[in-house]
Amino acid sequence: MKPVKIVMQCFGAYLGRSEVDFLKLAGAPLFLISGPTGSGKTTLLDAMSCALYGRATGALRRDWKELRSTGASQETPTVVEFEFTLGAERYRFVRTFSERMVKKRSGATELKQESTAECFVWAADGWRLLGTGLEVAQKAKELLGFTYEQFSQVIVLPQGEFRKLLTASSSEKEGILEVLFATGKWKRIAERANERANQLKEQLKQISAGLAPLLASYQVEDLSGLLEKRDACRRDGQQAKEQEALLQKALQEANVRLQEAARQKERFDRLSSAKERQAQLRLKAEEMDGFRKQYAYGVKLKGVQPYFQMWQSAVKRERDAKGEEQESRRRESAAAAACREAQEAANAIPRLQEEAEEESRRLSVLERALEDAKRLTQARRTASLAAKAAEEAGKREQEAAAEAAALQARVEKGENYLREQFETYLSRLPEFSLRVQTLTAAKDALSALHSAQETEREMFAAKLAAGKRAADAQQALAARRETLLQFEAASRADAAYLLASLLKEEKPCPVCGSMHHPAPARPAENVPAPEEVQAARENERAAKDAQEAAEQELHRRETAYEAAKQALARAKDAFARFEIEESAIEPALSEANERLFAAQKAQRDRLKGEALLDKLRRDLPAAKERLEQSRKDAQQAAVAAAKAQASVQELITALQGQETDTGKLTAAIGEHRLCLQQKKESVARLQESLSQAKSNLSGAREGAAAALEAVKKAYGQRTHAQTEYEHQCTAAGLTPGEDPALQKELLDRLPQMEQAIDQYDKEQAAVKDVIAQLQEQLSGVSVPDLANLTEKRDALSKEKAEQDAAIGRLQERETALSEACSRAQAYCKEQEGLEEQYRTAGALAELLSGKNPRKIPVHQFVLGIMLDDIVSAANQYLLRLSRGQYNLVRMDRQGGQGYRGLDLAVLDGYRGGERSVNTLSGGELFLASLALAFGLADTVQSYAGGIRLDSVFIDEGFGTLDAQTLECVMGALSELQSGGRLIGIISHVGELRERIAAKIEVSPDPKGGSKVELVCG
């Protein structure tokens, strides 16, 4: 992969649009990226990583959106674009990010963020889209073969870190390589394998501890003896069940005989009770005869009752008709008197009508005078308004003149203010913006460092706590498993109580089938209840689950701690690049922010001021036009006022001698209108009263005649109803006119009397039928002897209960033996499986932990292989850089103080022999570490799939070299780039600017932020 172009806008230190065209460096494969500290040199590499993966390089590994320039305006989006070639193909990755304030429905505002990501490939017809959004990072991984972490490792080579790797001891190299390749997992695999072998071994011990007491409790040596005892117990139980069946049949026959005798005894008792009730009913016969006569009289009285009610209703209607006839005659007299009074009042109607006509004539004269007075009032109002308008027009003319003068003065003042603001603040805005960005990045790096330190401490504490919880969980599991084994052994020793504890009243016994359990088996001393055994099993399962969860938690905590250590190392490196003390960041950033804020405020004020000044300049001509128009309006208003005053004088002359006060005229008109209305209303009331009185008199006369007819009709109906009632009483043999209260009482009692008579007759017949039926059933039968039959049944029942108890004991023993056999078989099966697993797990644990022919743990063996790959790749560069003199070798051997298989030495091809890398000179050591860096990059690339990055960047590490060593290094780099690889050096060392002709120079931009410039010669 070779870079072609980088485009940045509002990204990091690059506020404006900046472009780096690597094609211009094609003739110079070795180039320098130079610029002041914090100016944005490494941001060029961040742009590559962000365009591809959406994250920056370096220890902070920030999301690319966090790199948006501080001084960027909302209208300008952040853009990062990376174009590169891969083989014969050319690709372009582009990401954009923007922020803008939007207003919500509630009126509040919020910051809305939008981002896009796209990747393209060059085709015959131009750029063709490959993917968008989340697909872009995946497409980068597919094309390059690198994850984001691998790309960050191979694109930038921190020279100083590889010098540490070269000279470090084996234990120190182990830590460095574990961070680079995340090989801590091999150590954790070995630990987990050892833990698994120990767990299996412990489980085998626990199974042996559970099986031995189980066999001993039944006095057998192995599983076959336990099975023989169970089969013998089953045969004894079958014989006992056959004897129990014979007893059950005899008991059933005895119960049938006893039940039949009880039914015969119950019939004799019922016959005796029925004869006693028959005698009681005969004693009430005379009383019931009198009751029947009284009921017959009540039935006759009930037959004439409707005629009596009709007679009483007719009497009431006659009385009501007479009262209504008297009231109608009184209403007729009152209506005649009212009619006479209304006729006398109506004689005044002609006089009132004449007076109303006179009032109407006077009202017309007053209304014409009011119209004339209103015209005069309106003319005076018009003249007053015209005079006021002329006065206001003069004032507006003065105000327009003052406004035009004020606008001219504000324009001149605004021009002077903007000139002063630019000279004071705006010319230094780029300088202030760059300073704030640099210090903000340093603060972020420090914050990330503190956060990483805190996280590392928390992860270490969490790892220790998880280890303690795992140990506690293992101890708790062992204790609860021991308790369960003790409980199970004690329960098997007392199987009779185990079955008895499951019995419930009114539920059949599983052994004998009895519904009652008067004497269940009692537990032996120190035997746990079944619920206690079940609770112990649940506790053991819960402890096992807790132990497994604790082990998983410990594994997660160990992984998190290793990740925290790696993050801490990256954070330390990132902060060290800024070369600033921690205590100096906050004061410097506060001061820089204050200056930048003042400059930005001045910039915003300038924009507002220029807009306001433009508006004032546009408003000035309009103000002058308004002044001219005001003068014309004042002249026209004065002419209109003079005309209105002349009209008023003409009306005053015409109405001389006539009342012109509109108030007085309006009051007089109102009085005359009220008087006219009152007279008209009086005439209407008198006419309406006379008509109503005549109508009332006619209605009263008609009502009196109708009431008289109703009296006559009610008299006839009452006479007819009385005659009919007397006739019905005579026909029924009753005397008319008896006490109505006594009649009502008797009629109310008729339903109860009928019910009592009917109930007596039914009960007498039922008793007679029962006696006859029982005498027929008991003919020739004697009273049975229940006591003798009961005694025989109880004897059979007792004998069967004893047989059932014997069967229960046999079944209890068989159940206990069956359960013991099942548990023993389970123990044996589990033991066989665990032994097979332990053989494999134990051998694997010994192999991984170092108990192998080479006596090397697996994680150190893996590190050795990886270091061999790195050294092999590095030697290809070191041989060229040292012109065949030096070759790195790994000393794979055990030392007296511990493992030394990762130590490095050099083979000197000129002098012969092997010696320590610490004996190399400064320049030689630099060349060796540089070769090691390139070797690591090639190794990572080969692990990722063999794709080669034909461009690499070396970050710093040159500031500590003397002139002679620097000369040696430059020659070595020339050797490396001759192979076609593009090498970029990131440094601020001044001597490199003189030695390297091709440069990418990063410098402050006067418009804000930083800018890049390519120098090719």
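Structure report, in brief. Because the structure is predicted, anything quoted here is derived from the model rather than measured. Within every chain, residues take consecutive numbers counted from 1 along the sequence as written. Local features in this predicted model are restricted to residues whose pLDDT is 70 or higher, and side-chain atom pairs enter the listing and the counts only when it is 80 or higher, whereas totals over whole chains, interfaces and linings include all residues. Neither water nor hydrogens contribute to the side-chain values; these are computed over all heavy atoms in the structure.

Looking at the overall build of the chain
Logical step 1: A count of helical and extended segments in the chain gives 20 helices and 17 strands.
Logical step 2: In this scheme, a residue with accessible area under 20% of its type's maximum is buried, one over 50% is exposed, and one in between is partly exposed, where area comes from a 1.4 Å probe on protein chains only. Residues classed as buried in the chain amount to 37% of the 1017 residues present.
Logical step 3: It only takes one pair of heavy atoms within 4.5 Å for two residues to be counted as in contact. Long-range pairs, those at least 24 residues apart, make up 77% of the contacts in the chain between residues at least 6 apart in sequence. Working definition: helices are DSSP H or I runs of at least four residues, strands are E runs of at least two. Numbering for both runs from the N terminus.

Details of the nonpolar core
Logical step 1: By convention a nonpolar core is built from buried Ala, Val, Leu, Ile, Met, Phe, Trp, Tyr and Cys residues, the set being connected through side-chain atoms within 4.5 Å. Of all hydrophobic cores here, the largest spans 44 residues; its most connected members are Phe22, Phe31, Leu52, Phe84, Phe93, Leu144 and Phe953.
Logical step 2: No other element matches the eight residues that helix α1 (residues 43-53) contributes to this core.
Logical step 3: Ranked by size, the runner-up nonpolar core spans 42 residues in total, among them Leu165, Ala874, Phe934 and Ala972.

Observations concerning the pattern of salt bridges
Logical step 1: We count a salt bridge whenever a side-chain nitrogen from Lys or Arg sits within 4 Å of a carboxyl oxygen from Asp or Glu. Applying the stated criterion across every chain yields a total of 31 salt bridges.
Logical step 2: A salt bridge links Glu551 to Arg192, with the shortest nitrogen-to-oxygen separation between them at 3.6 Å. In this pair, Glu551 is assigned in helix α12 (residues 530-576) and Arg192 in helix α6 (residues 184-217), connecting sequence segments 359 residues apart.
Logical step 3: Given a relative accessible area of 37%, Arg192 falls into the partly exposed group.

Here's the deal with the packing of aromatic side chains
Logical step 1: Stacked, tilted and edge-to-face are the three classes applied to pairs of Phe, Tyr and Trp rings, where Trp contributes its six-membered ring and a pair requires centres within 6.5 Å; stacked means planes under 30 degrees apart, edge-to-face means over 60, and tilted covers the rest. Using the criterion set out here, one finds seven aromatic pairs in the structure.
Logical step 2: On the basis of an interplanar angle of 80° and a centroid distance of 6.0 Å, the ring pair of Phe31 and Phe953 is categorised as edge-to-face. Of this pair, Phe31 sits in strand β3 (residues 30-34) while Phe953 sits in strand β14 (residues 951-955), placing them 922 residues apart in sequence. By the burial criterion, Phe31 is buried, and Phe953 matches it.
Logical step 3: Members of the aromatic cluster, each reached through a chain of ring pairs, are Phe82, Phe84, Tyr91 and Phe93.
Logical step 4: Put simply, a charge is over a ring when the Lys NZ or the Arg CZ is close to the ring centre, within 6 Å, and near the line of the ring normal, within 35 degrees. The ring of Phe120 carries the charged tip of Arg92 above its face, separated from the ring centre by 4.7 Å.
Logical step 5: Its end group placed over the ring of Trp127, Arg92 keeps NZ or CZ at 5.1 Å from the ring centre.

What about the environment of Gln305?
Logical step 1: Relative to the assigned elements, Gln305 resides in helix α8 (residues 285-345).
Logical step 2: Residues Gln305 and Tyr725, 420 residues apart in the sequence, show an inter-C-alpha distance of 8.8 Å.

Focus on the pairing of strand β7 (residues 126-132)
Logical step 1: Sheet analysis places strand β6 (residues 109-123) next to β7, joined by six bridges and oriented antiparallel. The residue bridging Ala123 from the neighbouring strand is Gly126, located in β7.
Logical step 2: One requirement defines pairing of two strands: DSSP has to find at least two bridges between them. A loop of two residues connects β6 with β7, the two strands running antiparallel in sequence.

Focus on the environment of Leu589
Logical step 1: Tracing the backbone through its elements, the reader meets Leu589 in helix α13 (residues 582-654).
Logical step 2: Sequence spacing of Leu589 and Leu439 is 150 residues, and the spatial spacing of their C-alpha atoms is 5.7 Å.

Some thoughts on unusual backbone geometry
Logical step 1: Positive phi values are uncommon outside glycine, yet Cys10 reaches one of about 55°.
Logical step 2: Residue position: Cys10 is located in the loop between β1 (2-9) and β2 (18-21).
Logical step 3: By relative accessible area, which is 2% here, Cys10 ends up buried.

Some remarks on the sheet that holds strand β13 (residues 914-916)
Logical step 1: Strand order in the open sheet formed by three strands is β9-β12-β13, and the pairing between neighbours is antiparallel. In this open sheet, the two edge strands, each paired with only one partner strand, are β9 (886-891) and β13. Each strand of the sheet is rotated relative to its neighbour by a mean of 40°, with strand direction disregarded.
Logical step 2: In this sheet, strand β12 (residues 903-908) lies alongside β9 in antiparallel orientation, the contact comprising six bridges. The residue of β12 that forms the bridge with Asn887 is Leu907.
Logical step 3: Of the strands in this sheet, β9 and β12 are in contact with helix α17 (residues 858-881), which crosses β9 at around 170°. Note on method: axes are straight lines fitted to C-alpha atoms, helices fitted across the in-contact stretch only, with angles between N-to-C directions ranging 0 to 180 degrees.

Examining the sheet that holds β2
Across a sheet, strands are paired by hydrogen bonds formed along the backbone, either parallel or antiparallel in direction.
Logical step 1: The antiparallel open sheet is built from six strands, whose spatial order is β2-β1-β4-β5-β6-β7. Of all strands in the sheet, those bounded by a partner on one side alone are β2 and β7. Between one strand axis and the next, the sheet turns by 20° as a mean value, whatever way the strands run.
Logical step 2: Sheet strands in contact with helix α2 (residues 135-144) are β4 (78-86), β5 (89-103), β6 and β7, and its direction is about 160° off that of β5.

Thoughts on the pairing of strand β17 (residues 1010-1016)
The side chains of a regular strand alternate, residue by residue, between the two faces of the sheet.
Logical step 1: Sheet analysis places strand β16 (residues 998-1004) next to β17, joined by seven bridges and oriented antiparallel. Note that in β17 the partner of Val1002 across the bridge is Val1012.
Logical step 2: A loop of five residues connects β16 with β17, the two strands running antiparallel in sequence, and Gly1008 in this loop sits at a positive phi of about 125°.

Quick notes on the packing of α6 against α17
Logical step 1: The N-to-C vectors of α6 and α17 enclose an angle of 155°; their axes lie 8 Å apart at closest approach. Regarding the angle of α6 to α17, the classification is roughly antiparallel. Seen from above, α6 lies across α17 with right-handed handedness. Contact residues: Trp186, Lys187 and Ala190 in α6; Val858, His859 and Val862 in α17.
Logical step 2: Under the convention adopted here, Pro, Cys and the residues Ala, Val, Leu, Ile, Met, Phe, Trp and Tyr are nonpolar, Asp, Glu, Lys and Arg are charged, and Gly plus all remaining residues are polar. Counted by class, the contact of α6 with α17 contains four nonpolar, one polar and one charged residues. Oblique is the label for any angle not covered by the other classes, which are roughly parallel (under 35 degrees), roughly antiparallel (over 145) and roughly perpendicular (65 to 115). For a crossing to be left-handed, the near helix must be turned anticlockwise from the far one by less than a right angle; the clockwise case is right-handed.

Brief notes about α2
Logical step 1: Looking at α2, one finds that the buried residues are Val136, Ala140, Leu143 and Leu144. The buried residues of α2 occupy an angular sector of 80° when projected down its axis, which confines them to one face.
Logical step 2: Just beyond α2, the residue with positive phi is Gly145, at close to 80°. It is the directions from the helix axis to the C-beta atoms that the arc portrays.

Remarks on the side chain of Ser328
Logical step 1: For Ser328, the location among the structural elements is in helix α8.
Logical step 2: A residue is classified by how much of its surface remains accessible, and Ser328, at 1% relative accessible area, is buried.
Logical step 3: If we skip the residues at most four places from it in the chain, Ser328 touches Ala700, Gly703, Ala704 and Ala707.

Structural notes on the side chain of Arg95
Logical step 1: Within the fold, Arg95 resides in strand β5.
Logical step 2: On the accessibility criterion, Arg95 (8% relative accessible area) is buried.
Logical step 3: Polar contact is defined as a pair of N or O atoms within 3.5 Å, subject to the rule that within protein one atom must be able to donate a hydrogen and the other to accept it, and that residues adjacent in sequence are counted only when both atoms are side-chain atoms. A polar atom in the side chain of Arg95 sits 2.8 Å from the backbone oxygen of Cys50.
Logical step 4: Within the structure, the side chain of Arg95 is placed 3.2 Å from the backbone oxygen of Ala51, a separation counted as a polar contact.

Looking at the packing of helix α7 (residues 223-283) against helix α16 (residues 786-849)
Logical step 1: For the pair α7 and α16, interaxial distance at closest approach is 7 Å and the crossing angle is 160°. Of the possible angle classes, the one that applies to α7 and α16 is roughly antiparallel. Read as a crossing pair, α7 and α16 show a hand that is left-handed.
Logical step 2: Across the contact of α7 with α16, the residue classes break down as 21 nonpolar, ten polar and 14 charged.

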